[in-house]
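# Per-entry structural report
Here is how the chains run, residue by residue.
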Amino acid sequence: MRSSFDKVSTMSRRFIEGARQGILVSALIGSLVVPLVTLALITNGSNAVNMIGQFDDNLSDPSPQYDKQQTGFSRANDGPNKLGLYYPHSVLVDTSNNRLFVADSDNHRILVYGLDSGNEIIDHIPDYVIGQTNFATGRNNDGADRFDRPYAMAFDNSSGYLFVSDEQNSRVLVFDMNSLNDGMSADYVLGQQNFTADSTGTSDTTMAFPTGLAVDSNNNVLFVADTGNNRVLAFNLGSLATGMAASNVLGQTGFGTSATGLSDWEFDSPYGLAHSTNDRLYVADADNNRVLVFDVSSVNDGMSAVSVVGQTNFTSNGGATTQAGLFFPRGLAYDDTNGRLFVASGSHRVTVYNMTSFTDGDPATAVLGQSNYTNINQVTTQSGFRGTSQIAYDSGNQYLYVTDQFNHRIMQFDVTAISNGENATDVIGQYDSSLTSPAPVYTKGYPDNGPSKLGFWGTQGGSAIDTVNHRLFVSDTFNNRILIFNLNSSNQLIERIPDTVIGQTNFVSSGVTVTSTGDVTAAASITGTNLISTATVRLKGYTVATLPAGVVGDMAYVTDALAPAYGVAVVGGGAVVTPVFYNGTAWTTR
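Before going into details, it helps to say that this report is about the structure given with it. (Residues numbered from 1 in each chain as written. Predicted model: local features only at pLDDT ≥ 70, side-chain atom pairs only at ≥ 80, totals over all residues. Heavy atoms only, no water.)

## Quick look at the pairing of strand β7 (residues 150–156)
Remark: a regular strand shows side chains that alternate across the two faces of the sheet. What counts is decided by this rule: Buried means the residue's accessible area, taken with a 1.4 Å probe over protein chains only, is under 20% of the maximum for its type, while exposed means over 50%, and partly exposed covers the values in between. Helix numbering and strand numbering both begin at the N terminus, where a helix is a DSSP run of H or I of at least 4 residues and a strand a DSSP run of E of at least 2. By definition, two strands form a pair when at least two bridges between them are found by DSSP.
The buried fraction of β7 amounts to 7 of the 7 residues, a majority that puts the element mostly inside the structure. Relative to strand β8 (residues 161–166), β7 runs antiparallel, the two being bridged by 5 bridges. Directly across from Met 153, in β8, lies its bridge partner Val 164.

## Overview of the pattern of salt bridges
How we decide: Salt bridge, as used here, is a side-chain nitrogen of Lys or Arg placed within 4 Å of a carboxyl oxygen of Asp or Glu.
What the rule picks out here adds up to 13 salt bridges. Ionic pairing is found between Arg 146 and Asp 145, a salt bridge with its closest N-O pair at 3.7 Å. Of the residues examined, Arg 146 reaches a relative accessible area of 19% and is grouped as buried. Between Arg 409 and Asp 404 there is a salt bridge, with its nearest N and O atoms 2.7 Å apart. By the burial criterion, Arg 409 is buried, and Asp 404 matches it. Several salt bridges share partner residues, and in doing so they unite Asp 106, Arg 149 and Glu 167 into one network.

## What to know about the sheet that holds strand β31 (residues 541–542)
With respect to topology, 4 strands assemble into an open sheet ordered β31-β32-β33-β34, the strand pairing being mixed. At either end of the open sheet lies a strand with only one pairing partner, and these are β31 and β34 (587–589). Sheet topology note: the strand β33 (residues 576–582)/β34 ladder contains 3 bridges and is antiparallel. Paired with Tyr 582 across the two strands is Trp 587, which belongs to β34.

## Remarks on the nonpolar core
As a reminder of what qualifies: We define a nonpolar core as any set of buried Ala, Val, Leu, Ile, Met, Phe, Trp, Tyr and Cys residues linked to one another through side-chain atoms lying within 4.5 Å.
Membership of the largest hydrophobic core comes to 35 residues, with the highest contact counts inside it found for Ile 52, Leu 100, Tyr 401, Ile 428, Leu 472 and Phe 485. Among the secondary structure elements, those contributing two or more residues to this core are β3 (90–94), β4 (99–104), β5 (109–114), β24 (399–404), β28 (471–476) and β29 (481–486). Among the nonpolar cores identified, the runner-up in size contains 19 residues, and Phe 163, Val 172, Leu 213 and Leu 233 belong to it.

## Structural notes on unusual backbone geometry
Gly 79 connects to Pro 80 through a cis peptide bond whose omega is -5 degrees. Note that Pro 80 resides in the loop between β2 (34–38) and β3. The omega torsion of the bond from Gly 450 to Pro 451 falls at -10 degrees, within 30 degrees of zero and hence cis. Along the chain, Pro 451 falls in the loop between β26 (426–428) and β27 (463–466). Even without a glycine there, the phi angle at Ser 269 is positive, about 65 degrees. Looking at where Ser 269 falls in the secondary structure, it is placed in the loop between β14 (248–250) and β15 (270–275).

## What about the packing of aromatic side chains?
To keep things clear, this is the line we draw: Each Phe, Tyr or Trp ring (for Trp, its six-membered ring) is paired with any other whose centre lies within 6.5 Å, and the angle between the two planes then decides the class: stacked below 30 degrees, edge-to-face above 60, tilted in between.
In total, this model carries 15 aromatic pairs according to the counting rule given. Seen in terms of ring centroids, Tyr 86 and Tyr 87 are 5.1 Å apart; in terms of plane orientation they differ by 40 degrees. Their pairing is tilted. Look at Tyr 87 and you get partly exposed, because its relative accessible area is 25%. Here Phe 385 and Phe 413 contribute two aromatic rings whose centre-to-centre distance is 5.7 Å and whose plane-to-plane angle is 70 degrees, an arrangement assigned as edge-to-face. One end of the pair, Phe 385, is in the loop between β22 (366–368) and β23 (388–394); the other, Phe 413, is in strand β25 (residues 409–414), and 28 residues separate them in sequence. Judged by relative accessible area, which is 0%, Phe 385 ranks as buried. For Phe 413, a relative accessible area of 0% gives the class buried. An aromatic cluster of at least three residues, connected via ring pairs, comprises Tyr 86, Tyr 87 and Phe 406.

Set out below in structure tokens:
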């Protein structure tokens, strides 16, 4: 027998209110609602006349964007947008020109934030976008003005060139930042012979999934971590040209090999790079759980490192979450003034090393992201991380910027005097409900600044119009809330920004709180003011074996899922508690 909650769910999903010859259509296949198609004028395949949930990049008066997609589906939480990030990989500070660059990798773009004259963040809203023509698109591609997962960045002050490793296109794009505009094209490409090629290779002119970058201003050299080829390439910037050959290689004895290795000159998946003014190149040798240090005042193919961080010698590679050890280091930054090396690693932390008197295997002097050197907590707080990637250092302010990848944000720390596990001082990518003056929220960790006032995350619960009190109700299913939009006296949308939220105390939270254990009963019909109930509604719990026969759109949760995977039929016999959704043929994990 189906529960009373199931009946309410079915009614709300299928609820259609006819008013003034209008229909409200709730699009269940995406995170959007398309309202008010006039019945009297309907023709097959007619266009919608309005929409909420997917918008352009106008924050003060958002307009519908009907073709807003990424990889074939409408994105949750109005992504991409101007406020949020989607698996960012790196951050870069250009202190000379007061700019902060963020590689918003899975939105396939670089965001550029203007800083004030003291290189402080002004308003948390980006001023320019590279890789897309506007802030509301996020498609990947090749070409001179597109990316496929931009990974890392480096800036050359002398030329004004911004270098971006375009990982999935196996290339590095070079942009002239002396003339910055939205959707600008690159001037040069390295790793490919033209802007439309995207093949991998192992030669002096090709790459395989490059990641970290560093500019050696002393010798006018660009270093590229050619991760898929287990090597670091050196390019002479004095003769920069599209498709040019690298001048030297580290990690291999020649340009035609790509083997992994464990010695004082070999790598196993090099990622982050950092260069110091005393001509040291730091390489995060990720799968060897160490950082190799090279003297690059003179570069020779296959040359040996002069020091190692994270191991006591060049032939050990055990991963460790300790004061001296490293586990999968990926991001590096160097403080030339104080001789400090910052290392972001797979232990959800950044460790700090004093390199002024360093001996191989010396311990770290401080840690960010954890309260001590042995914790590996993944958290969404003002002090913690969930998957650190590339990092950047602002020497003037002594700020360290950390890419907190799985929290979809960039964290800023004042590292003038570090206390272990200290709080961040600012954040980019996660904000309160203000669209024009967003303030940081450190407890949010969803893509594209979700939840927010602009978008939805699934509308499986349907939508309804209260024509008497002029309100539109939308079930924002996976944000666990109901959004209420005020309508005018003709029951038309006034604006596309919701006025009230039910189920949460604000527009930026989405947590589930169970305060009632009984089933919810409902009237036989839902109209007008009868739509709102003061009761707390929760999903009904089952084991997989006891799940009832479902109707498309029904939701519940199970307590014994075995290795659940999103969108796949749930299997019992485990111990995982997870929501499930009936798709018409099976209960699937949400």
